[in-house]
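What follows is each chain in one-letter form.
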Amino acid sequence: MDRTFELAERVRSILEQKGHSCAVIGAVALAAWGYPRSTLDIDLAVNLDPRELSEIGRAIELTGDGLRTRLLLPDAEDPLGGTLTITGDESDPVQLVNFYNPHRGRNVLGRSLLLAAKPKIIGELAVVDLPHLVATKLYAGDLADRVDVLEVLRRNPECNLEEVANTCTRLGLGEAWSAIASDLGER
């Protein structure tokens with residue numbers, strides 16, 4: 001994973017040079033919040049025009065480090081704004097998960113999670129805060145994500161559930177939060 005974190009740092013640096021921020025989400029963020037589970041990549045949240053993903057991909061490939069990229073652009077049915085997967089010979093993939101889909105309008109979750117991310121948690125990488133990590137998992141919405149939410153909250157008993165509820169409600173995920181809050185029971 002060391003090489004993968006190095007790759008994630010390089011991607012973060014390229015994003016920063018282009019005026020964009022990112023934050024670790026997904027399994028690596030879960031681990032940072034005390035719930036480790038296996039993963040084969042590092043997911044970085046971004047919130048930018050999907051056309052900029054293409055430019056970032058070209059900039060990454062031009063580093064001369066043998067990095068390859070695969071861009072998936074969104075359509076009107078996609079809740080996300082596309083992904084850019086970066087691979088190298090000696091690391092696992094780093095995936096940029098874009099929360100802005102122009103076909104659907106601005107996604108407040110992406111902007112909000114980047115603003116609330118905790119800076120420099122893993123080297124120079126910011127990590128999403130716990131309320132927004134829960135929101136990203138509820139936004140994804142499958143059974144594994146629901147289990148992730150329950151486990152990460154159980155492992156963080158000091159977490160302010162009212163703050164999580166307010167964040168989810170503000171981001172349009174209040175119903176999804178209500179469905180899972182009852183599963184938490186008394187802590």
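Counting restarts for each chain: residues are numbered from 1 in the order of the written sequence. Totals for whole chains, interfaces and linings use every residue, but because this is a predicted model, local features are given only for residues with pLDDT of at least 70 and side-chain atom pairs only at 80 or more, for both listing and counting. The side-chain numbers reported here are obtained from all heavy atoms of the structure, hydrogens and water having been left aside.

A. Structural detail: helix α8 (residues 174–184). Among the residues of α8, those classed as buried are G174, W177, I180 and L184. Buried residues in α8, looked at end-on, bunch into an arc of 130 degrees, giving them a common side. Relative to its buried face, α8 has exposed residues pointing more than 90 degrees away, namely E175 and S182. Here a residue-residue contact requires only that any non-hydrogen atoms of the pair lie within 4.5 Å. Helix and strand definitions follow DSSP, with helices as H or I runs of at least four residues and strands as E runs of at least two, each counted in order from the N terminus. Buried residues belonging to α8 abut α5 (130–140), α6 (143–154) and α7 (161–170). Each residue is placed in one exposure class: buried if its accessible area under a 1.4 Å probe, protein chains only, is under 20% of its type's maximum, exposed if it is over 50%, and partly exposed if it falls in between. What the arc describes is the spread of directions from the helix axis to the C-beta atoms.

B. Region of interest: the environment of G172. You can see G172 is positioned in the loop between α7 and α8. Each C-alpha atom, one on G172 and one on D92, is 33 Å from the other, the two residues being 80 residues apart in sequence.

C. Spatial organisation of the packing of α5 against α6. Where helices are involved, their axes are fitted lines through C-alpha atoms of the stretch in contact, as for all axes, and angles between N-to-C directions lie from 0 to 180°. Look at α5 against α6: their axes get within 8 Å of each other, and the N-to-C directions meet at 160 degrees. The orientation of α5 relative to α6 falls into the category roughly antiparallel. As for the relative orientation of α5 and α6, their crossing is left-handed in sense. Within the contact between the two elements, α5 uses L130, L133, V134, K137, L138 and A140 and α6 uses D145, D148, V149, V152 and L153. Roughly parallel means an angle under 35 degrees; roughly antiparallel means over 145; roughly perpendicular covers 65 to 115; every other angle is labelled oblique. When the near helix sits turned anticlockwise from the far one by under a right angle, the crossing is termed left-handed; a clockwise turn instead gives a right-handed crossing.

D. A look at the nonpolar core. To qualify as a nonpolar core, a set must consist of buried Ala, Val, Leu, Ile, Met, Phe, Trp, Tyr and Cys residues joined through side-chain atoms within 4.5 Å. Residues V11, L44, L96, L113, L153 and W177 are the most contacted members of the largest nonpolar core, which totals 54 residues. Beyond its immediate stretch of four places on either side in the chain, L44 contacts A8, V11, C22, A23, V24, V94, Q95, L96, V97 and L125.

E. Seen up close, the layout of surface pockets. For the largest pocket, the calculated volume is near 380 Å³. Broken down by element, the lining of the largest pocket gets its largest block of residues, four residues, from α5. Note on residue classes: Ala, Val, Leu, Ile, Met, Phe, Trp, Tyr, Cys and Pro are nonpolar, Asp, Glu, Lys and Arg are charged, and everything else, Gly too, is polar. The class makeup of the residues in the lining of the largest pocket is eight nonpolar, six polar and five charged. Using only the protein atoms, space was sampled on a 1 Å grid; points where a 1.4 Å probe fits but cannot get out form cavities, open sets with protein on both sides within 12 Å along at least five of seven lines form pockets, and lining residues are those with an atom within 4 Å of a point. Along its surface, the second largest pocket is lined by 14 residues, and R12, E16, C22, E124 and A126 are the ones closest to its centre. Mapped onto the lining of the second largest pocket, the elements with two or more residues apiece are α1 (2–17), β6 (118–122) and β7 (125–127). Split by residue class, the lining of the second largest pocket holds eight nonpolar, two polar and four charged. Grid points are joined across faces, edges and corners, and a volume is the space filled by probe spheres set on the points.

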